[in-house]
Amino acid sequence: MVHGTHNAQEDSRNNKILISINDQLFPRNEAKISVFDSGYLVGDGAWEALRLHNGVLVFLEEHFNRLWQSAKTVGMALPFTKKELTQKVLNTLNANGMKDGVHVRIMVTRGIKKTPSQDPRLTISGPNVVIIPEYKKASKESKEKGITLFTSTIRRGSPDYLDPRLNCHSKLHEVQALIQAIEAGADEALMLDVNGFVATCNATNFFMVKNGEVWTSTSKYCMNGITRAKVIEVCNSNEITCVEKDFSLFDVYGADEAFVTGTFGGLTPVTKIDGRQIGEGKFGEMTRKLSGLYENLIESEVANG
């Protein structure tokens with residue numbers, strides 16, 4: 001079994017899910033897209049992932065704001081409104097009879113090309129919209145165990161290269177970082193920014209705890225994670241000092257606790273980094289407290305949904 005922040009409990013219902021491709025539903029094994037799709041050819045697309053809790057798509061507005069920002073950044077016009085895309089997602093969920101414990105992946109690519117090329121002017125149809133809903137719950141065992149990180153030599157790029165805040169299909173440098181971590185015997189990768197400060201992980205945002213304070217990197221070189229923002233929010237609303245700042249591995253190795261955040265796994269503790277035990281090497285008190293506060297925030301969102 002793969003251990004990491006995306007380790008999900010097995011659910012046989014996923015074998016029979018219906019996947020939406022441009023508003024048409026296909027059984028999982030029949031869901032296909034053209035090899036001339038821009039996302040397949042050159043990674044030209046944007047995506048979002050969100051969760052369905054008790055019939056409510058949690059933090060939907062924040063996720064769609066990020067999707068529209070990503071599309072605007074890459075010059076991809078979306079021929080539908082946020083309300084219309086919401087309905088597309090709901091149609092897919094309803095067709096699957098899904099109400100709770102669901103992870104939804106929305107992928108929007110520029111469309112079909114007339115020939116393999118980077119040139120967006122050769123796009124002849126699109127954009128293509130794929131919606132994949134799955135019954136997915138984070139493994140409690142993995143969460144309690146925590147994960148280990150390895151600091152990759154692959155750096156997060158600067159905004160004038162490929163802005164790290166862009167939630168796009170081009171994830172090859174994160175894949176390279178993760179491969180380094182796996183080959184080093186760790187679960188996932190910690191990535192530094194161009195100046196050598198801690199930035200993020202390959203698929204999640206990184207936090208550390210020191211002397212009762214919660215630290216995370218500046219937003220310059222990391223994905224502007226929705227869960228990251230919500231953790232900062234619950235810190236501020238519960239009088240927990242949380243600072244966004246530059247810090248290095250010197251600080252990380254001496255942390256009392258560390259954890260990562262993501263839409264799927266919420267908060268996951270980090271027990272070791274580069275072979276060094278972090279704090280007591282277990283699910284720390286502050287991490288557990290913040291995880292509870294984050295879950296409470298989700299429940300509040302559902303109640304008001």
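Since the structure is predicted, the reported quantities are computational estimates derived from the model, not experimental observations.

Procedures and definitions
Residues numbered from 1 in each chain as written. Predicted model: local features only at pLDDT ≥ 70, side-chain atom pairs only at ≥ 80, totals over all residues. Heavy atoms only, no water. Helix = DSSP H or I, 4+ residues; strand = E, 2+ residues; numbered from the N terminus. Rg over C-alpha atoms; globule rule 2.2 N^0.38 Å. Buried < 20%, exposed > 50% of the residue type's maximum accessible area, 1.4 Å probe, protein only. Contact = heavy atoms within 4.5 Å. Areas by Shrake-Rupley, 256 points an atom, 1.4 Å probe, with all protein chains shown as cover. Lys, Arg positive; Asp, Glu negative; His and termini not counted. Charge placed at Lys NZ, Arg CZ, Asp CG, Glu CD. Pairing = 2+ DSSP bridges. Right-handed = clockwise from strand over helix to strand, strands pointing away. Axes fitted to C-alpha atoms, helices over the stretch in contact; angles between N-to-C directions. Salt bridge = Lys/Arg side-chain N within 4 Å of Asp/Glu carboxyl O. Parallel < 35°, antiparallel > 145°, perpendicular 65-115°, else oblique. Nonpolar A, V, L, I, M, F, W, Y, C, P; charged D, E, K, R; others polar. Core = buried A, V, L, I, M, F, W, Y, C linked by side-chain atoms within 4.5 Å.

**Student:** It is not clear to me how the overall build of the chain should be interpreted in this structure. Could you clarify?
**Tutor:** Along the backbone of the chain there are nine helices and 17 strands. Over its C-alpha atoms the chain spans a radius of gyration of 19 Å, differing by no more than 12% from the 19 Å that the globule rule assigns to 305 residues. Taken over the C-alpha atoms alone, the chain extends approximately 55 × 40 × 35 Å along its principal axes. Buried positions account for 51% of the 305 residues belonging to the chain. Put simply, 70% of the contacts in the chain that link residues at least 6 apart link residues at least 24 apart. As displayed, the chain has an accessible area near 14800 Å², and 49% of this comes from carbon and sulfur atoms. Between the centroid of the 35 positive side chains of the chain and the centroid of its 36 negative side chains there is a distance of 4 Å.

**Student:** Would you mind showing me how to read the pairing of strand S13 (residues 213-216) here?
**Tutor:** Within a regular beta strand, the side chains point alternately toward one face of the sheet and then the other, so they alternate between its two faces. When strand S12 (residues 205-210) meets S13, the two strands line up antiparallel, connected through four bridges. Within the sheet, the bridge partner assigned to Lys210 lies in S13 and is Glu213. Counting the residues in the hairpin turn of S12 and S13 gives two residues, including Asn211, whose phi is positive at 50 degrees. Summarising the sheet, S13 and strand S14 (residues 242-244) pair through three bridges and their orientation is parallel. Within the sheet, the bridge partner assigned to Val214 lies in S14 and is Cys242. Of the crossover connections in this fold, the one passing from S13 over helix H7 (residues 226-237) to the parallel S14 is right-handed.

**Student:** Just checking my understanding: could you explain the sheet that holds strand S1 (residues 18-21) for this structure?
**Tutor:** What links the strands of a sheet is backbone hydrogen bonding, and the strands pair in either a parallel or an antiparallel sense. A sheet is described by the order of its strands in space; here six strands give the open sequence S2-S1-S8-S5-S3-S4, paired in antiparallel fashion. Every other strand in the sheet has two partners, leaving strand S2 (24-27) and strand S4 (56-57) as the edge strands with one partner each. As judged from the eight bridges shared by strand S5 (residues 102-109) and strand S8 (residues 128-135), these two strands associate in the antiparallel manner. Paired with Arg105 across the strands is Ile132, a residue of S8. With respect to the sheet, helix H2 (residues 60-73) is in contact with strand S3 (45-53), S4 and S5, its orientation differing from that of S3 by roughly 175 degrees.

**Student:** Would you explain the pattern of salt bridges in this entry?
**Tutor:** Should their charged atoms come close, side chains of opposite charge can pair. Applying the stated criterion across every chain yields a total of 15 salt bridges. For Arg28, the salt bridge identified is with Glu134, shortest N-O distance 3.0 Å. Taken together, the positions of Arg28 in the loop between S2 and helix H1 (38-42) and Glu134 in strand S8 put the pair 106 residues apart, joining distant regions of the chain. Residue classification places Arg28 among the partly exposed residues on the basis of a relative accessible area of 34%. Residue classification places Glu134 among the buried residues on the basis of a relative accessible area of 16%. Across the salt bridge formed by Lys282 and Glu280, the nearest N and O atoms sit 3.4 Å from each other. For the pair shown, Lys282 and Glu280 are each scored as exposed.

**Student:** Would you mind going over the packing of H7 against helix H9 (residues 285-303) with me for this structure?
**Tutor:** Axes are the key here: two packed helices are described by the angle between their axes and the distance separating the axes. Running from N to C, H7 and H9 cross one another at 105 degrees; their axes reach a closest spacing of 10 Å. Classified by the angle their axes make, H7 and H9 are roughly perpendicular. Residue-level inspection shows Thr227, Lys230, Val231, Glu233, Val234 and Cys235 of H7 in contact with H9, the latter providing Leu290, Leu293, Tyr294 and Leu297. A breakdown of the residues in the contact of H7 with H9 according to their chemical character gives seven nonpolar, one polar and two charged.

**Student:** I'm lost on the environment of Cys242 in this one. Help?
**Tutor:** Note that Cys242 resides in strand S14. Residue Cys242 is classed as buried on the basis of its relative accessible area, which comes to 16%. When the C-alpha positions of Cys242 and Glu213 are compared, they lie 6.0 Å apart, and in sequence the two are 29 residues distant. Here Cys242 is in contact with Phe207, Val214, Ile232 and Cys235, once residues within four sequence places are set aside.

**Student:** Help me understand the nonpolar core, please; the structure alone is not making it clear to me.
**Tutor:** The tendency in soluble globular proteins is for nonpolar side chains to be buried as a group. Counting 29 residues, the largest nonpolar core has Leu57, Leu93, Val104 and Ile106 as the members making the most contacts within it. Contributions of two or more residues to this core are made by S1, S3, H2, helix H3 (82-95), S5 and S8. Setting aside residues up to four positions removed in sequence, Val104 forms contacts with Glu48, Ala49, Leu50, Leu57, Val89, Leu93, Ile131, Ile132 and Pro133. Of all hydrophobic cores here, the second largest spans 22 residues; its members include Phe259, Met286, Tyr294 and Ile298.

**Student:** Would you explain the pairing of S5 in this entry?
**Tutor:** When you tally the buried positions in S5, you get seven out of eight residues, the bulk of the element. Taken together, the eight bridges between S3 and S5 define a ladder with antiparallel strand orientation. From the neighbouring strand, Leu50 faces S5, where its bridge partner is Val104.

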